[in-house]
Amino acid sequence: RGYSKKMDLLRTLIRDGISHKGFAFIDVLQICATFFPVAEHYTSRVYELNGHDRADFAAACAKAREWDYNGDAPIALGTFFQKTSPLFFGMPAARKLSAVEREEAVQKLLKRRT
């Protein structure tokens, strides 16, 4: 989660999200100074995550839920969760089947479903 008044952190989050090989979700707090001027409200409550274990999904969810967008709770900024998994395009290619082998595999699969 980033905040438009903390541009250095927001820049880092966006760069890290783009370079991450996989899915990245970035929640950006950005105020509308005309219709919903809450900059002071956000600025007084935001803090950067320090000493947080990015590999702990339960802890990440707890930190994310700490603030519910409507209350006066502190607002954590930074990377809540990060996981590295094997990538599909990095996996070894499977052996190519011949047309006959492919047809046999399809028939076997269809017979199992009936």
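Above this text you will find the structure in question.
This is a predicted model, so every value here is computed, not measured.

About the thresholds
- Residues numbered from 1 in each chain as written.
- Predicted model: local features only at pLDDT ≥ 70, side-chain atom pairs only at ≥ 80, totals over all residues.
- Heavy atoms only, no water.
- Helix = DSSP H or I, 4+ residues; strand = E, 2+ residues; numbered from the N terminus.
- Buried < 20%, exposed > 50% of the residue type's maximum accessible area, 1.4 Å probe, protein only.
- Core = buried A, V, L, I, M, F, W, Y, C linked by side-chain atoms within 4.5 Å.
- Phe/Tyr/Trp six-rings, centres within 6.5 Å; stacked < 30°, edge-to-face > 60°.
- Salt bridge = Lys/Arg side-chain N within 4 Å of Asp/Glu carboxyl O.
- Expected span 1.5 Å × (residues − 1).
- Arc of directions from axis to C-beta.
- Contact = heavy atoms within 4.5 Å.

Bringing unusual backbone geometry into the picture now. Of note in the backbone geometry, Y69 takes a positive phi value of approximately 70 degrees without being a glycine. Examined against the element boundaries, Y69 turns out to sit in the loop between α3 (57–65) and β4 (75–77). Note on Y69: relative accessible area 44%, which makes it partly exposed.

By size, the foremost hydrophobic cluster in this structure holds 11 residues: Y3, L9, L13, L29, V38, A39, Y42, V46, W67, I75 and L77. Elements with a contribution of two residues or more to this core: α1 (7–19), α2 (39–43) and β4.

It is worth spelling out the packing of aromatic side chains at this point. Aromatic rings considered in pairs are described by the distance between their centres and by the relative angle of their planes. The final tally for this structure, using the stated rule, is 4 aromatic pairs. For the ring pair Y3 and Y42, a centre distance of 5.9 Å and an interplane angle of 85 degrees mean the geometry is edge-to-face. Note that Y3 is positioned in strand β1 (residues 2–3) and Y42 in helix α2, a separation of 39 residues in sequence. Note on Y3: relative accessible area 1%, which makes it buried.

What follows is about the pattern of salt bridges. Scanning all chains against the criterion turns up 5 salt bridges. R45 is the salt-bridge partner of D72, the closest N and O atoms lying 3.4 Å from each other. Taken together, the positions of D72 in the loop between α3 and β4 and R45 in the loop between α2 and β3 (46–48) put the pair 27 residues apart, joining distant regions of the chain. What makes D72 exposed here is its relative accessible area of 59%. In this structure, K63 engages E66 in a salt bridge whose closest nitrogen and oxygen atoms are separated by 3.6 Å. Assessed through its relative accessible area of 30%, E66 is described here as partly exposed.

By secondary structure assignment, the location of L29 is in strand β2 (residues 28–29). Taking relative accessible area as the criterion, L29 reaches 4% and is therefore assigned buried. Considered as a pair, L29 and I75 are 46 residues apart in the sequence and their alpha carbons are 10.0 Å apart.

We now examine α1. Taking 1.5 Å as the rise per residue, α1 with 13 residues should run 18 Å; its terminal C-alpha atoms sit 18 Å apart, in good agreement. Inspection of α1 places L9, L10, L13 and G17 among the buried residues, and these make up the whole buried set. Buried residues of α1, viewed axially, fall in a sector of 100 degrees; they line one side. For α1, the exposed residues set more than 90 degrees away from the buried face come down to D8, R15, I18 and S19. Tucked into the core, α1 has its buried residues touching β1, β2, β3 and β4.

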